[in-house]
Amino acid sequence: MFRVSFLLIILGFACVSCKFKDKNQTVNSKESIEALLKVRYSKLLDYKLDSTAFARSYNPKTKTIKKVPSKDWTSGFFAGNFWQIYMLTNNEVYKTKAKEWTAFIEKEKYNNKTHDMGFKVFCSFGNGLKVENNKKYEDIIVESAKTLSTRFNEKIGSIRSWDFNKEKWQFPVIIDNMMNLELLFEATKISGDSTFYKIAVKHANTTLKNHFRPDGSTWHVLDYDTISGLVRARVTHQGIDDNSAWARGQSWAINGFTTVYRYTKDEKYLNRAIATANYFINHENMPDDGIPYWDFDDPDIPNVFRDASAGAIVASALVELYKYTKNQSYLDYSKKVVNTLKTVDYILSEEVEAPFILDHSFGDWSKKHEMDEPIVYGDYYFLQTLLRLRDLES
Ligand code: GLY
């Protein structure tokens, strides 16, 4: 009797787990995921056009959308997402919205208070130029490059990142700043003025020299002495501690140096991107599904949040790095990340009324802010990876 009941229990369990598996497979089937993605894309169209309210993130607890003006470092991603969805779907309604949101960012071309010009102007107007020839967009990119160049310090050989914490830092340069160089390289291509190219190369060289550890990882913030031009301190602002490997910082480094190689074809930048990519994808704390914990050195791993945005930024970079190296492990990583993100564990459900696609990005530890939320740049690099994979395979 006991044996029979035991057998029935086991069979029952097997059946439940088999049902669960079937259900999960249905939910995650290719067709249902593609349909869900289309629903999520359409949520961006539902969001009200407002020049002062770019959608940045969504707090699931309060069910509120964080809205920011164009001066916020993330505004360009929102506009860029419309351009990228247009490139993926060929649906003109996304292009119309892309143009409208992009136009609101024009005034940032004169904003010299920030280094985030590339994120704001290139992710918006730069994507617009992939879709159409547009002299106005080109002029805006060149004007923005001129403004960004005013933050370059010849003695240090870098573009200043932040203006806050003046009592603590003389001249802070963060690894994220590598992502602004694409705007400068393109400005030189558009205008023929090599000043921007030279500043980009000098910034990359200074970062290459000072920002990396022997294991391939990068510090977040370097503070330079404005008189001697030498490094005063190597610290963090968003990582768990000064010597930790903040995941998104690593991802900016990999993406940034891959981009610099695209424009210069100088192998020292390629080797930098390779070393940091290898550190990232082979790290002992990298989960099997390819989505990193927010900081590789958080002592509470595995009980800490992941950062889908860092995974997506690297996935996008590694499609490009694969083209230069033919290293299959890079393409495998990009595809693995896309496969992980294209599941109901990461794609927001139909019910969430917010203009975002993916959950589980990690914002800013220093402010304890946007931790494990849908964030606009997670979507941006996910869409960019889809486009890059499509182009690679076409
Ligand atoms: N500063 C850009 C970031 O949070 O990654």
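Refer to the preceding data block for the structure.
Residues numbered from 1 in each chain as written. Predicted model: local features only at pLDDT ≥ 70, side-chain atom pairs only at ≥ 80, totals over all residues. Heavy atoms only, no water.

Q: Explain the site of the ligand here, please?
A: All residues in the neighbourhood of the ligand are listed as Trp73, Asp176, Gln238, Trp246, Arg248 and Trp252. Contact between the ligand and Arg248: an oxygen atom at 2.7 Å from a side-chain N or O atom of the residue. Between the ligand and Trp252, the relevant distance is 2.8 Å, taken from an oxygen atom to a side-chain nitrogen or oxygen of the residue. Considering the ligand on its own, with 200 Å² of exposed area, one finds that the protein chains cover 92% of that surface. Looking at the shell around the ligand residue by residue, the classes come out as three nonpolar, one polar and two charged. (Near = heavy atom within 4 Å. Polar contact = N/O pair within 3.5 Å; in protein donor to acceptor, adjacent residues only side chain to side chain. Areas by Shrake-Rupley, 256 points an atom, 1.4 Å probe, with all protein chains shown as cover. Nonpolar A, V, L, I, M, F, W, Y, C, P; charged D, E, K, R; others polar.)

Q: Looking at this model, I keep getting lost on the packing of aromatic side chains. Mind explaining?
A: Both the distance between ring centres and the angle between the ring planes are used here to describe each pair of aromatic rings. Inspection of every chain in the model, using the stated rule, returns 34 aromatic pairs. The interplanar angle of 85 degrees and the centroid separation of 5.7 Å between the aromatic rings of Trp101 and Phe104 together place this pair among those described as edge-to-face. For Trp101, a relative accessible area of 0% corresponds to the buried category. What links up through ring pairs into an aromatic cluster is the set Trp73, Phe77, Phe119, Trp252, Tyr377, Tyr380 and Tyr381. One Lys or Arg, Arg234, reaches over the ring of Trp219 and ends 5.2 Å from the middle of that ring. (Phe/Tyr/Trp six-rings, centres within 6.5 Å; stacked < 30°, edge-to-face > 60°. Buried < 20%, exposed > 50% of the residue type's maximum accessible area, 1.4 Å probe, protein only. Lys NZ or Arg CZ within 6 Å of the ring centre and 35° of its normal.)

Q: Hey, could you run me through unusual backbone geometry in this one?
A: Leave glycine aside and you will find that most residues have negative phi; peptide bonds, for their part, are mostly trans. Between Ile301 and the following residue, Pro302, the backbone shows a cis peptide bond with an omega angle of 15 degrees. By secondary structure assignment, the location of Pro302 is in the loop between α10 (267-281) and α11 (308-325). Unlike most non-glycine residues, Glu370 shows phi in positive territory, near 55 degrees. Inspection of the secondary structure assignment puts Glu370 in strand β9 (residues 369-373). Using a relative accessible area of 4% as the deciding quantity, one classes Glu370 as buried. (Helix = DSSP H or I, 4+ residues; strand = E, 2+ residues; numbered from the N terminus.)

Q: I'm lost on helix α8 (residues 195-210) in this one. Help?
A: Since the α-helix advances by 3.6 residues per turn, residues separated by three or four positions end up pointing in the same direction. Taking 1.5 Å as the rise per residue, α8 with 16 residues should run 22 Å; its terminal C-alpha atoms sit 23 Å apart, in good agreement. Looking at α8, one finds that the buried residues are Phe196, Ile199, Ala200, Val201, His203, Ala204, Thr206, Thr207, Leu208 and Asn210. (Expected span 1.5 Å × (residues − 1).)

Q: I would appreciate a short explanation of helix α4 (residues 92-103) in the present structure.
A: Helix length check: α4 (twelve residues) gives 17 Å between terminal C-alpha atoms against 16 Å at 1.5 Å per residue, within 8%. Restricting attention to buried positions, one finds in α4 the residues Tyr94, Lys95, Lys97, Ala98, Trp101 and Thr102. Relative to the axis of α4, the buried residues are bounded by an arc of 165 degrees and lie together on one face. (Arc of directions from axis to C-beta.)

Q: Would you explain empty space enclosed by the protein in this entry?
A: Summary: where empty space remains is shown by rolling a probe the size of a single water molecule over the atoms. Following the criterion strictly, the structure yields one cavity of 30 Å³ or more and no others. When its volume is computed, the largest cavity comes out at roughly 30 Å³. Looking at the largest cavity, the residues that line it are Ile175, Thr218, Trp219, His220, Thr236, Ser244, Trp246, Gly249 and Gln250. (1 Å grid on protein atoms, 1.4 Å probe; cavity = no way out; pocket = protein on both sides within 12 Å on 5 of 7 lines; lining within 4 Å. Points joined across faces, edges and corners; volume = space filled by probe spheres on them.)

Q: What am I meant to see in the packing of helix α2 (residues 30-46) against helix α3 (residues 75-89) here?
A: Geometrically, a packed helix pair is captured by the angle between its two axes and the distance between the axes. Relative to each other, α2 and α3 sit at 135 degrees, their axes nearing to 11 Å. When the axes of α2 and α3 are compared, the pair comes out oblique. For α2 against α3, the interelement crossing comes out left-handed. Each of Tyr41, Leu44 and Leu45 in α2 lies in contact with α3, whose residues at this interface are Phe78, Asn81, Phe82, Ile85, Leu88 and Thr89. Broken down by class, the residue content of the contact of α2 with α3 amounts to seven nonpolar, two polar and no charged. (Axes fitted to C-alpha atoms, helices over the stretch in contact; angles between N-to-C directions. Parallel < 35°, antiparallel > 145°, perpendicular 65-115°, else oblique. Left-handed = near helix turned anticlockwise from the far one by under 90°. Contact = heavy atoms within 4.5 Å.)

Q: Would you take a moment to explain the sheet that holds strand β7 (residues 231-235) for this structure?
A: Backbone hydrogen bonds are what pair the strands of a sheet, in a parallel or an antiparallel way. Taking strand neighbours across the sheet as the criterion, the three strands line up as β5-β6-β7 in an open arrangement whose pairing is antiparallel. Single-partner strands in this sheet number two, and they are β5 (171-174) and β7. Sheet twist, expressed as the mean angle between neighbouring strand axes with direction ignored, is 20 degrees. Pairing analysis gives four bridges linking β5 to strand β6 (residues 221-224), with the strands arranged antiparallel. Note on β6: the bridge partner recorded for Pro172 is Asp223. Sheet strands touched by α8: β5, β6 and β7. Its angle to β6, the strand with the most contacts, is close to 105 degrees. (Pairing = 2+ DSSP bridges.)

By themselves, these figures tell us nothing about what the structure is for.
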